[in-house]
Amino acid sequence: NLSGKAVRYWMDAGKIPPENLLVVSDDIALPFGTLRLRPKGSAGGHNGLKNISELLGTEEYARMRFGVGGDFPKEVLPNRKTVRFWIRSGFLVPL
């Protein structure tokens, strides 16, 4: 995931310091509907966060992860767009 390129571009364009950044990402390790907010930290295995940290040169930015759970067919996992389709389509919404 190359999210860092876009984040870096917009931060430079808007002269936004890392302490004013909040990155929101999905997380299959968190149960569906769970939110985790942290003021800073490691990428924790998330490739998008890893790329952002590399291009910003710091892990000192806030991040919010929202749980999407892992309750979908495993063949869907490699294709994140398909995972997002499943979520938007309501396949993961708990009853």
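Refer to the structure presented above.
Residues numbered from 1 in each chain as written. Predicted model: local features only at pLDDT ≥ 70, side-chain atom pairs only at ≥ 80, totals over all residues. Heavy atoms only, no water.

A.B. asks: Explain the overall build of the chain to me, and be specific about the residues and the numbers.
C.D. replies: Looking only at helices and strands, one finds three helices and three strands in the chain. Written out in order from the N terminus, the α and β elements of the chain read α-β-β-α-β-α. When contacts within the chain are restricted to residue pairs at least 6 apart in sequence, long-range pairs at least 24 apart make up 64% of them. When the accessible surface of the chain is split by element, carbon and sulfur atoms take 59% of a total near 6400 Å². (Helix = DSSP H or I, 4+ residues; strand = E, 2+ residues; numbered from the N terminus. Contact = heavy atoms within 4.5 Å. Areas by Shrake-Rupley, 256 points an atom, 1.4 Å probe, with all protein chains shown as cover.)

A.B. asks: Which residues make up helix α2 (residues 47-56), and what values do they have?
C.D. replies: Residues spaced three or four apart along an α-helix face the same direction, because each turn holds 3.6 residues. Taken together, the buried positions of α2 are occupied by Gly48, Leu49, Asn51, Ile52, Ser53 and Leu56. Contacts made by the buried residues of α2 are with α1 (3-14), β1 (22-27) and β3 (62-67). Once α2 ends, the next one or two residues include Gly57, with phi positive near 75 degrees. (Buried < 20%, exposed > 50% of the residue type's maximum accessible area, 1.4 Å probe, protein only.)

A.B. asks: Which residues make up the nonpolar core, and what are the values?
C.D. replies: Formed by Val7, Met11, Leu21, Val23, Ala43, Leu49, Ile52, Leu56 and Tyr61, the largest nonpolar core amounts to nine residues. When residues of this core are traced back to their parent elements, those giving at least two are α1 and α2. The dominant element in this core, judged by the number of residues it contributes, is α2, at three residues. Setting aside anything within four residues of it in sequence, one finds Met11 in contact with Ile16, Pro17, Pro18, Leu21 and Leu56. (Core = buried A, V, L, I, M, F, W, Y, C linked by side-chain atoms within 4.5 Å.)

A.B. asks: Give a detailed account of the pattern of salt bridges, specifying residues and quantitative values.
C.D. replies: Counted by the stated rule, this structure contains three salt bridges. Between Arg8 and Asp12 there is a salt bridge, with its nearest N and O atoms 2.6 Å apart. Of the two residues, Arg8 and Asp12 are both situated in helix α1; the distance of four residues between them amounts to about one turn of the helix. The salt bridge partner of Glu60 is Lys40, with a shortest N-O separation of 3.8 Å. Note that Glu60 is positioned in the loop between α2 and β3 and Lys40 in the loop between β2 (35-38) and α2, a separation of 20 residues in sequence. (Salt bridge = Lys/Arg side-chain N within 4 Å of Asp/Glu carboxyl O.)

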